Amino acid sequence: MDATFIALVGLIIFLALLAYLKVPGMIGRSLDERAANIAKELDEARTLREEAQALLAEYHRKRKEAEKEAGEIVAAAQREAAALLSEAKAKSEDYIVRRNKLAEQKIAQAESDAVNQVRASAVEIAVAAAGSLIANKMDAKTAGEMFKASLDQVKTNLN
């Protein structure tokens, strides 16, 4: 017996034993299970990738919305600040105008009071001077005539 023949017989027995124990079926099932697991993992990975892309798209959308909202808030704040500034400016100008008018009125009143005081002083001085002149130049006869003329004028005014 030749060694090759023994090796061939051993190989045939080994292959028969493998076929009898259904090793190729077990290997096939194992490979099928592994292929199924790999397919399952690929499906899960695909699902996770799609979810990640959806989350990323939602994140980008929310970020754009937030940026838009922030821009609107800034624009509204700028408009409000401009309105407050113009309102404050208008109120300041109105206050200044009112204060100027009040000051002008006070100045006009002070001028009027001063003119009235000067007139009153002038009248008092003129009356005192006239009284002094009349007292110096008037005698009893002239005083009587003036009294009579004044009395006639009062009677005329009363009628």
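Residues numbered from 1 in each chain as written. Predicted model: local features only at pLDDT ≥ 70, side-chain atom pairs only at ≥ 80, totals over all residues. Heavy atoms only, no water.

Convention followed: UniProt positions are given in the numbering used here, feature names are shortened, and annotations may be inferred rather than shown by experiment.
Going by an unreviewed UniProt entry, the chain carries the name ATP synthase subunit b and comes from Pseudochrobactrum saccharolyticum. A UniProt comment under Sequence similarities (unreviewed entry) is attached to the chain, and it reads "Belongs to the ATPase B chain family."

Here's the deal with the overall build of the chain
To keep things clear, this is the line we draw: In DSSP terms, a helix is any run of H or I states spanning at least four residues, a strand is any run of E spanning at least two, and both are numbered starting from the N terminus. As a reference, a globule follows 2.2 Å times the number of residues to the power 0.38, and the radius of gyration itself is taken over C-alpha atoms. Under the scheme applied here, a residue whose accessible area is under 20% of the maximum for its type counts as buried, over 50% as exposed, and between as partly exposed, the area being computed with a 1.4 Å probe on protein chains only. Residue exposure ignores everything except the shown protein chains as possible cover, and the areas themselves are Shrake-Rupley values with a 1.4 Å probe. Under the counting rule used here, the positive set is Lys and Arg, the negative set is Asp and Glu, and His together with the chain ends is not counted. For charged residues, the charge sits on one atom: NZ in Lys, CZ in Arg, CG in Asp, CD in Glu.
Of the regular secondary structure elements, the chain holds 3 helices and 0 strands. In terms of C-alpha radius of gyration, the chain reaches 62 Å, well past the compact-globule figure of 15 Å for 159 residues. Seen along its three principal axes, the alpha-carbon backbone of the chain occupies a region of about 195 × 35 × 15 Å. For the chain, the residues scored as buried account for 0% of the 159 residues in total. Here the chain displays about 14300 Å² of accessible surface, and carbon together with sulfur accounts for 63% of that area. Distance from the positive charge centre (23 side chains) to the negative charge centre (24 side chains) of the chain: 6 Å.

So, the UniProt feature "transmembrane region" (unreviewed entry) in the chain
Here, the residues flagged by UniProt with the feature "transmembrane region" (unreviewed entry) are residues 6–23. Along residues 6–23 the backbone is 89% helical and 0% strand, and the end-to-end C-alpha distance reaches 23 Å.

Considering the pattern of salt bridges
The following threshold applies: Think of a salt bridge as a Lys or Arg side-chain nitrogen and an Asp or Glu carboxyl oxygen that are within 4 Å of each other.
Within the structure shown, the criterion is met by 6 salt bridges. Ionic pairing is found between K62 and E58, a salt bridge with its closest N-O pair at 3.1 Å. Here the residue K62 and the residue E58 both occupy positions in helix α2 (residues 23–137), the gap between them amounting to 4 residues, near one helical turn. The exposure class assigned to E58 is partly exposed, which follows from its relative accessible area of 32%. The salt bridge partner of E67 is R63, with a shortest N-O separation of 3.9 Å. Residue E67 and its partner R63 are both found in helix α2; the two are separated by 4 residues, about one turn of the helix.

Considerations on helix α1 (residues 3–20)
This is how it is decided: Multiplying 1.5 Å by the helix residue count minus one yields the expected span of that helix.
With 18 residues, α1 extends 25 Å from end C-alpha to end C-alpha; this agrees with the ideal 26 Å at 1.5 Å per step. Directly after α1, the chain includes K22, whose backbone phi takes a positive value near 60 degrees.

Let's talk about the UniProt feature "coiled-coil region" (unreviewed entry) in the chain
As recorded in UniProt, the sites labelled "coiled-coil region" (unreviewed entry) are residues 31–94. Taken end to end, residues 31–94 has its terminal C-alpha atoms 92 Å apart, with 100% of it in helix and 0% in strand.

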